[in-house]
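A structural walkthrough
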Amino acid sequence: MNLLFENKLNATLAEIFKTLDLDIKFATVKVSDRPDLSDFQCNGALALAKIAHQNPRDIAAKIAGKLAQDEAIETVSVDGPGFINIKLKDEFIAANMDKMAQDKRLGCGEVEDPHQVVLDFGGPNVAKEMHVGHLRSGVIGESIQRIERFVGNNVISDVHLGDWGTPMGMILAEIIKSDGNLDKVTSYDIAQITEFYKQANIRCKEDETARENARKITAALQGGDATYRRAWQHLRSESLKAIKANYEQLDVNFDLWLGESDAHEICREVVKIARDKGISEIDNGAEIIRLEETNKPKPPIIMIKSDGGFGYQLTDIATIKMRVDQFKATEIVYFTDSRQTLHFEQVFEAADKLGIAPNVKLQHIVFGTVNGADGKPFKTRDGGVMNLETLIEMSKDRVRQSLPKADEVAGYGAAEIDKLTQQIAVAAIKFQDLKNTIASGYVFELEDFAKFEGKTGPYIQYAVARINSVLRKAEANGLHEGKVILVAPEERILALKLAQIHNVIMRAHSEKEPSIIADYTYTLAQIFSTFYNACSIMNAENPDLASSRLRLAKLVRDVLILMLNLLGIEAPEVMLKAENIGE
RNA sequence: GCGCUCCUAGCUCAGCAGGAUAGAGCAACAGCCUUCUAAGCUGUGGGUCGGGCGUUCGAAUCGCCCGGAGCGCGCCA
């Protein structure tokens, strides 16, 4: 099923271009920039005229003449230098709404070549508190994961825990320094572990011998030292519990909770492949792979550090091999901030040289850092990072103020209010992040994550709740949805917007860009609000119109819920309000 | 030094495979609750699209130069 107007018009145009012997490359329409003049526009005549050195208006007129015969089209006109403006018939738009209402997927198609995609996002580290920097990776990754599944791809998501680098040696060293040995390690909880890590971090920053010691312990841990392994195992599992709790709060989900350590054995294999292929060499005591230096200097991959430990690039390369061999990945996508661009360039190039991922698409999606008001990566006033739990709690507190207390509303006890609080707070936080294009960073404002007016998640939830309310009333009054008829301009604009859903999702999919969905979802909710304000559903002029509007409203509701779901946001059935809210 | 990214309204951001009057949100101002949830709706003001040159019938969008900011550049991950 394809209910998209653009596709229909593109197909019609392609036929016309063929009969006119024009390059069908230009046979495309887009949503009009001038809604006062048209629904869609085709700028192809301008480009064609340039190539053929002809008058664009003449070419446009020929195309328009044929286009006008199409049964779905109300009017075609040639305006300005040669824009073709197309207006669709109301009945055609209305009929498409009826079809859309009958379709389980609301008119959305799937990809033609479903494949196996591994998504690598999150990347939290053992013993380190999660902070707002982890928010973006998790929230974006979760959304992409849902989008990819929806369009038909088979997705495997992996958190790729940072559990195998020097920080592990640092924290073990710190505990030994404090306790004399590692006997008490298994009694430590996450708070204590985090504290040790902080101390270790401070110490290693200023003390070279401490760093040296940490590296030695890391190498021994990786080498298989049983005592270190046992202690590390505990640190890892305690951290993982805390990390899982954080992600659960945000409804960020992973199929695999693997880490760098899981690729350890494969690291050895990769080293062997490199040696067999003769692409590795020893340099300053480290075993490296040199990379091509085309237009800029590119540092080599350091597989084995001079202290014997595996470098993290080797770990990432081995992980690629694991994902290809064990999970049959044909596409691997990484989500990290822009600081790791060079790293992934190196890793992908090395993977290519090693021949471990033939015909696998390796993609690094870069997102901007979360910045403070100074334009630099965000730090709190005391120089630390904003803890993720603090952020979530702050947002929830703000939401609680706007909700009634438990049992003030029938059917809403403590559990229900808690759930609602969670849903709204998470919507506020996630949407605040996802509305930004991922490539650009954004300035972190704590208050933004607790806003629910304007372009926010709760605004959209509110639109859904209002529709739910109308649908309940209609149900109670025995009113049913029916054939769509377009009378008011607000209805027509709404229907045209609804019809864009397939294109929006496909663009978000191919560009790996959730903000496209966020933007559409907000605009749709906004257009609905205008419609809601201008056109009464329950008190429509006649029963047929009421049925039509009911169908449109229900479609909007279903589309909004689907889109929010693709963003990883839930839509509560109702949005309750505390008495004192709204003055 | 080399490389990458960025500079659009007071603030935060869209728009950028060139196209018709550059858009949102917030903030400001003026209206709208006896009718479907006012977390809403309607309207007003506000921009030399960092600066310059160039390509083009046409540039926020493409190219070059300059200015400003951020990030990265072999044993942290």
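Residues numbered from 1 in each chain as written. Chains lettered and ligands numbered in written order. Predicted model: local features only at pLDDT ≥ 70, side-chain atom pairs only at ≥ 80, totals over all residues. Heavy atoms only, no water.

1. Quick word on the overall build of chain A
The helix and strand inventory of chain A stands at 19 helices and 13 strands. On the principal axes, the C-alpha backbone points of chain A span a range of 85 × 70 × 40 Å. Burial status across chain A gives 54% buried among its 583 residues. Considering only intrachain contacts with a sequence separation of at least 6, the fraction spanning at least 24 residues in chain A is 74%. Roughly 26400 Å² of accessible area belongs to chain A as shown, and the carbon and sulfur atoms make up 49% of that amount. (Helix = DSSP H or I, 4+ residues; strand = E, 2+ residues; numbered from the N terminus. Buried < 20%, exposed > 50% of the residue type's maximum accessible area, 1.4 Å probe, protein only. Contact = heavy atoms within 4.5 Å. Areas by Shrake-Rupley, 256 points an atom, 1.4 Å probe, with all protein chains shown as cover.)

2. Focus on the protein's contact with RNA strand B
Lining the immediate surroundings of RNA strand B are 65 residues, of which Arg 34, Glu 260, Thr 437, Tyr 462 and Lys 577 lie closest. Across the atoms of RNA strand B situated within 4 Å of the protein, the share located in sugar and phosphate is 60%. Tyr 459 is positioned with one of its side-chain polar atoms (N or O) 2.7 Å from a phosphate oxygen of RNA strand B. Elements supplying a minimum of two residues to the surface near RNA strand B: helix H2 (44-52), strand E4 (83-88), strand E8 (286-289), strand E13 (442-443), helix H15 (457-476) and helix H18 (514-534). Broken down by element, the surface near RNA strand B gets its largest block of residues, 7 residues, from H15. Broken down by class, the residue content of the surface near RNA strand B amounts to 28 nonpolar, 20 polar and 17 charged. (Near = heavy atom within 4 Å. Polar contact = N/O pair within 3.5 Å; in protein donor to acceptor, adjacent residues only side chain to side chain. Nonpolar A, V, L, I, M, F, W, Y, C, P; charged D, E, K, R; others polar.)

3. Some thoughts on the domain arrangement of chain A
Interfaces are often sized by the amount of accessible area the parts lose when they come together. Domains assigned within chain A are domain 1 (5-88), domain 2 (166-249) and domain 3 (388-567). When each unit is reduced to the centre of its C-alpha atoms, the spacing between domain 1 and domain 2 is 66 Å. (Domains from an automatic or database assignment.)

4. Quick look at the nonpolar core
Ranked by size, the top nonpolar core spans 142 residues in total, and within it Leu 498 and Ile 501 carry the most contacts. Counting residues per element, this core draws most heavily on helix H19 (residues 543-567), at 12 residues. Not counting residues up to four positions away in its chain, the partners in contact with Leu 498 are Met 97, Met 100, Tyr 520, Leu 524, Leu 552, Leu 555, Val 556 and Val 559. One finds Val 271, Tyr 334, Phe 344 and Ala 350 within the second-largest nonpolar core, a separate group that totals 36 residues. (Core = buried A, V, L, I, M, F, W, Y, C linked by side-chain atoms within 4.5 Å.)

5. Side note on the packing of aromatic side chains
Tallied over the full model, the rule gives 17 aromatic pairs. With centroids separated by 6.2 Å and ring planes inclined at 85 degrees, the aromatic side chains of Phe 121 and Phe 335 adopt a geometry described as edge-to-face. Pair noted here: Phe 121 is in the loop between strand E5 (116-120) and helix H5 (132-150) and Phe 335 is in strand E10 (residues 331-337), with a separation of 214 residues, a long-range link. The buried category is assigned to Phe 121, whose relative accessible area is 0%. The buried category is assigned to Phe 335, whose relative accessible area is 3%. Ring geometry for Phe 528 against Phe 531: centres 5.8 Å apart, planes inclined by 50 degrees, an arrangement best described as tilted. Of this pair, Phe 528 and Phe 531 both sit in helix H18, 3 residues apart, which is roughly one turn of that helix. For the pair shown, Phe 528 and Phe 531 are each scored as buried. (Phe/Tyr/Trp six-rings, centres within 6.5 Å; stacked < 30°, edge-to-face > 60°.)

6. So, unusual backbone geometry
Comment: phi is negative for the bulk of residues other than glycine, and the bulk of peptide bonds are trans. The backbone of Asn 284 shows a phi angle near 55 degrees, a positive value even though the residue is not glycine. Along the polypeptide, Asn 284 turns up in the loop between strand E7 (280-283) and E8. Residues other than glycine seldom take positive phi values, yet Asp 407 does so here, at roughly 70 degrees. Note on Asp 407: relative accessible area 61%, which makes it exposed.

7. Concerning the pairing of strand E11 (residues 361-367)
Sheet topology places E10 next to E11; 7 bridges connect them, and they run parallel. Following the sheet pairing, Ile 332 is matched in E11 by Leu 362. The handedness of the E10 to E11 crossover, carried by helix H12 (residues 341-354), is right-handed. (Pairing = 2+ DSSP bridges. Right-handed = clockwise from strand over helix to strand, strands pointing away.)

8. Some points on helix H3 (residues 56-67)
Taking 1.5 Å as the rise per residue, H3 with 12 residues should run 16 Å; its terminal C-alpha atoms sit 16 Å apart, in good agreement. The inward-facing, buried residues of H3 contact helix H1 (5-19), H2, strand E3 (73-79) and E4. (Expected span 1.5 Å × (residues − 1).)

9. Considering the environment of Phe 344
Mapped onto the secondary structure, Phe 344 falls in helix H12. Residue class for Phe 344 comes out buried when judged on its relative accessible area of 4%. Separated by 265 residues in the primary sequence, Phe 344 and Asp 79 place their C-alpha atoms 48 Å from one another. Every residue in contact with Phe 344, bar those within four places of it in the chain, is listed here: Asp 316, Tyr 334, Thr 336 and His 364.

10. Some words on the sheet that holds strand E9 (residues 301-304)
Judged by pairing direction, the sheet is antiparallel, and its 3 strands sit side by side in the order E7-E8-E9 without closing on themselves. Lying at the two open borders of the sheet, with one neighbouring strand each, are E7 and E9. Along the sheet, successive strands turn relative to each other by an average axial angle of 40 degrees, direction set aside. Pairing geometry for E7 and E8, over 4 bridges, is antiparallel. Pairing of Asp 283 across the sheet is with Ala 286, part of E8. Of the strands in this sheet, E7, E8 and E9 touch helix H10 (residues 264-277), which is tilted by about 115 degrees from E9. (Axes fitted to C-alpha atoms, helices over the stretch in contact; angles between N-to-C directions.)

11. Side note on the side chain of Asn 371
As for its placement among the helices and strands, Asn 371 is situated in strand E12 (residues 370-371). Looking at Asn 371, its side chain comes within polar contact range of the side chain of Thr 369, at 2.7 Å. Discounting residues that sit within four places of it in the chain, Asn 371 has contacts with Lys 376, Pro 377, Phe 378, Tyr 442, Val 443 and Phe 444.

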